[in-house]
Amino acid sequence: MANGSTLKRAMKFKMLYIMLIPGIAYLLINNYVPMLGMIIAFKDINFAKGILGSDWVGFKNFEYLFKTADAYIITRNTILYNLVFIVVNLVVAVALAILLNEMKNRFFSRFYQSVVLLPYLISSVIIGYLVFSLLSAETGLMNKTILPWLGIDPVMWYSEPGFWPYILTFVKIWSTAGYLCIIYFAAVVGIDQEYYEAATLDGANKFQQILKITIPLITPVIVIMTLMQIGRIFYSDFGLFYQVTLDSGVLLPTTNVIDTYVYRSLLRNGDIGMSSAAGLYQSVVGFIIILASNYAVKKINPDNSLF
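Each chain carries its own residue numbering, running from 1 in the direction its sequence is written. Note on the predicted model: pLDDT of at least 70 is required for a residue's local features to be given, and 80 or more for side-chain atom pairs to be given and counted; whole-chain, interface and lining totals, by contrast, use all residues. Computation of side-chain values covers all heavy atoms of the structure but excludes hydrogens and water.

### Digging into the nonpolar core
By nonpolar core we mean a set of buried residues, namely Ala, Val, Leu, Ile, Met, Phe, Trp, Tyr and Cys, connected to one another through side-chain atoms within 4.5 Å. Buried means the residue's accessible area, taken with a 1.4 Å probe over protein chains only, is under 20% of the maximum for its type, while exposed means over 50%, and partly exposed covers the values in between. In terms of nonpolar packing, the biggest core is built from 20 residues, with Val 94, Cys 181, Tyr 184 and Ile 218 touching the most fellow members. Elements that contribute at least two residues to this core include exactly helix H4 (71-102), helix H8 (164-189), helix H9 (193-201) and helix H10 (206-230). In this text, helices come from DSSP runs of H or I with a minimum length of four residues, and strands from runs of E with a minimum of two, each type numbered from the N-terminal end. Element by element, the count of residues in this core is highest for H8, at 6 residues. By the convention used here, residues are in contact when the closest approach between their heavy atoms is within 4.5 Å. Sequence-distant contacts of Val 94, that is, excluding residues within four places in its chain, are made with Tyr 184, Ile 215, Ile 218 and Ile 222.

### Points about the side chain of Thr 260
Position of Thr 260 among the secondary structure elements: in helix H13 (residues 258-269). Under this definition, polar contacts are N or O atom pairs within 3.5 Å; protein pairs additionally need one hydrogen-donor-capable and one acceptor-capable atom, and for neighbouring residues in sequence, both atoms have to be side-chain atoms. Reaching out from Thr 260, the side chain makes a polar contact with the backbone oxygen of Val 257 at a distance of 3.0 Å. Discounting residues that sit within four places of it in the chain, Thr 260 has contacts with Phe 238, Phe 241, Tyr 242 and Thr 255.

### A word on the packing of helix H6 (residues 124-135) against H8
In this description, a line fitted to the C-alpha atoms serves as the axis of each element, helices being fitted only across the stretch in contact, and the angle between N-to-C directions of two axes falls anywhere from 0 to 180 degrees. Between H6 and H8, the shortest axis-to-axis distance is 12 Å and the interhelical angle comes to 130 degrees. Judged by the angle between their axes, H6 and H8 are oblique. In this structure, H6 meets H8 at a crossing whose hand is right-handed. Taken together, the residues of H8 that come into contact with H6 (itself represented by Ile 127, Leu 130, Val 131 and Leu 135) are Trp 164, Ile 167, Val 171, Trp 174 and Ser 175. Here the angle decides the label: under 35 degrees means roughly parallel, over 145 means roughly antiparallel, 65 to 115 means roughly perpendicular, and every other value means oblique. Crossings are classed by handedness, with left-handed meaning an anticlockwise turn of the near helix from the far one by less than a right angle and right-handed meaning a clockwise turn.

### Describing the pattern of salt bridges
Within this document, salt bridges are pairs made up of a side-chain nitrogen of Lys or Arg and a carboxyl oxygen of Asp or Glu, the two lying within 4 Å of each other. Counted by the stated rule, this structure contains 4 salt bridges. The residue Lys 49 makes a salt bridge to Asp 55 at a minimum N-O spacing of 3.4 Å. On the accessibility criterion, Lys 49 (45% relative accessible area) is partly exposed. In this structure, Asp 237 and Lys 172 form a salt bridge, with 3.3 Å as the shortest nitrogen-oxygen distance.

So, to be careful, I would describe these as geometric facts and stop short of saying anything about function.
Written out as C-alpha cells, the structure is:
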C-alpha cells in the first residue's frame, strides 16, 4: 500500500523529479566523484604505474605537515586569520545590511548593493595590483602622497611583516563583506514590518529596534553562515595570501598559511601525494569542527542549528 502511494506521488510530481536530475548529476560529478581521489593522499604517486598501481605509503604524506619547522606558524596563521575574518566580516556585513535596509530610496539602495558586492567579483590578481598601487615603495599612493602629507617617513611595506595582519584583514573585509551583506540584507528585508511598527508605538528608538528585533530575527541566518565559515577554518584565501603579498619571502612569518605552504611545496617537490594529504587533512578537521560547533549551537538553541 505504501509503495503504491509512493509511486503514485512520484508520478504526480514526475516533472519536478526530472528537473532535479541536472542538479543531482552536477552534485555527483563535481562533489562526490572527485572524493575517490582521496586515495592519492596515501600513495607515492608514480605516473608510470598510475594512481591505483602506485605504492601505498600510508600516512607518510601527512608527516611533512606536522614535522616541518613551519608547522606551528602555518597552523597558527591559518586559524587566527580565519577567526578574525569571521568575526569582523560578521560585524561589518550585518551593519551594512542594516544600513541598506534603512535606505528608503530604491535607486540608491540597489546602487549601493552593487557597489558593496563589486569587490567580491574582482579577481585576486587585480586586487593584488590595486594593493601594490597603494603600497609600492617607489610609486605607491601611501608613500608618495598620504604619508608625506601626514609628516611620516615612507615605509617599505613589502619588507615589514608586522603591518600585514592589518593589511590582509582590511583587504579581506573589503572584498568579501559585501557578499555576506547581501545575504544578511535579504534576511533583514524578510522581517515583517509590523514588528517595527509595534516597537515604534511602544516608544522604541531605531537602535533599540535593531537590537531587539532585527538582530534576533536574523540570528538563524547568522549562525548558519558562521558555521559554514567555521567549517573552512583550516582553509585560507589563496589569492589573498599569495597574490596580494606578492609572495614576498620576508613576509612569510605573518602571511604563510597552509594553502600557500602546500603550493610552494608542490612547486618545489612536485609531490601531489603531499598536496592531497594536506587537502584531506583540512577537510577532515573542518568537518569535525563544524560538527562540534553545530552540536554546541544545538545545545544552546536547537532552532538555530544547521542540522
